[in-house]
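Spelled out from the first residue to the last, the chains are:
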Amino acid sequence: MAQKMAFSELVKHRQSVREYNDTPVEKEKLMQCIESARLAPSANNAQPWKFVVINEPTLKGRVASAISSMGMNKHAYKAPVIVAVVVEKRDMMSCAAGSVQDKDYSLLDIGIVANQFCLQATDIGLSTCIVGWFNEKEVKNLLNVPKGKRVPLIITVGYSDVPVREKNRKSIDEISSWNKY
Ligand SMILES: Cc1cc2nc3c(=O)[nH]c(=O)nc-3n(C[C@H](O)[C@H](O)[C@H](O)COP(=O)(O)O)c2cc1C
C-alpha cells in the first residue's frame, strides 16, 4: 500500500490543477471525497451544502461550456468530473446569528467544505481546481437547481497531467502577528 502523506506534505501537494489526463475517476474515490467533506465544520452545524456530481459526458460538456463561457476556465472541458457545490438553506438559529453578526456564514461554510473535499481528493491521488468564475444561471439551469438556491463554487476533478509546483504565497510575517494587529 502506498505510504500516506503527512498533513504538512498534503497541503503542499494540493494545488489547482487545470490539466488532466484521460484516466476516469473512480466512483468510490468521489464518494470518499464527499464523505470527508460531509465531516467539515459549519456555523451552528448547519451543513448548508449539497454536492452535485456531474460525470455524464453530454451534460458534463454543457456544464463545462457554462463554466468557460466567460473566456476563462477552459480546463473544465478536460476534467473527467465536475462537482457543483450548492448552498442549502440554513436553520433559523444560524440565520439569526448570521444576521446579528452581519456575516454570511453560508459562504464561509462552503469555502471550508470545498477545501476539505479537495484535500481528501489530493490524499487519494486526485487533483482538483476550485472554480468561482462561471455562468451560474446556466449551471443552475443545466442541473435543475431550484431558483432560490445558489451555486457559489464548482470543483473540477481528475488525474493531473502536471507536476506539483512550488507555492507562490505571502511570507509568514506578512500574514500573521502576535498579540496585536
Ligand atoms: C474561491 C475560489 C475561487 C477560485 N476560482 C477560480 C477560477 O474561477 N478559475 C481558476 O482557474 N482557479 C480558481 N481558483 C483557484 C485559485 O486560482 C488558486 O487556488 C490560487 O491561485 C492558489 O493556487 P493553488 O490552488 O494551486 O495553490 C479559485 C480558488 C478559490 C479558493
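Reference entry: report on the structure contained in this document.

Thresholds, definitions, all that
- Residues numbered from 1 in each chain as written.
- Predicted model: local features only at pLDDT ≥ 70, side-chain atom pairs only at ≥ 80, totals over all residues.
- Heavy atoms only, no water.
- Near = heavy atom within 4 Å.
- Polar contact = N/O pair within 3.5 Å; in protein donor to acceptor, adjacent residues only side chain to side chain.
- Areas by Shrake-Rupley, 256 points an atom, 1.4 Å probe, with all protein chains shown as cover.
- Helix = DSSP H or I, 4+ residues; strand = E, 2+ residues; numbered from the N terminus.
- Buried < 20%, exposed > 50% of the residue type's maximum accessible area, 1.4 Å probe, protein only.
- Pairing = 2+ DSSP bridges.
- Salt bridge = Lys/Arg side-chain N within 4 Å of Asp/Glu carboxyl O.

### Considerations on the site of the ligand
Move 1: In the region of the ligand, 15 residues are neighbours, and Ser 16, Arg 18, Asn 73, Arg 165 and Arg 169 sit closest.
Move 2: Contacts to the ligand include Arg 14, whose side-chain N or O atom sits 2.8 Å from an oxygen atom.
Move 3: Interatomic distance of 2.8 Å between a side-chain N/O atom of Arg 165 and an oxygen atom of the ligand.
Move 4: Considering the ligand on its own, with 610 Å² of exposed area, one finds that the protein chains cover 62% of that surface.
Move 5: Broken down by element, the shell around the ligand gets its largest block of residues, three residues, from strand 3 (residues 127–131).

### Focus on the pairing of strand 4 (residues 150–158)
Move 1: Of all nine residues in strand 4, eight are buried, a share of seventy percent or more.
Move 2: Relative to strand 4, strand 2 (residues 81–87) runs antiparallel, the two sharing six bridges. Note that in strand 4 the partner of Val 85 across the bridge is Leu 153.
Move 3: Of the strand pairs in this sheet, strand 3 and strand 4 are connected by five bridges, and their pairing is antiparallel. Paired with Ser 127 across the strands is Gly 158, a residue of strand 4.

### Notes on the pattern of salt bridges
Move 1: One pass over the full model with this rule turns up six salt bridges.
Move 2: For the salt bridge of Lys 12 with Glu 9, the shortest nitrogen-to-oxygen distance reads 3.7 Å. Residue Lys 12 and its partner Glu 9 are located together in helix 1 (residues 7–13), separated by three residues, close to a single helical turn.
Move 3: For Lys 12, a relative accessible area of 49% gives the class partly exposed.
Move 4: Across the pair Lys 149 and Glu 88 runs a salt bridge whose closest N-O atoms are separated by 2.5 Å. Of this pair, Lys 149 sits in the loop between helix 6 (136–143) and strand 4 while Glu 88 sits in the loop between strand 2 and helix 4 (92–101), placing them 61 residues apart in sequence.

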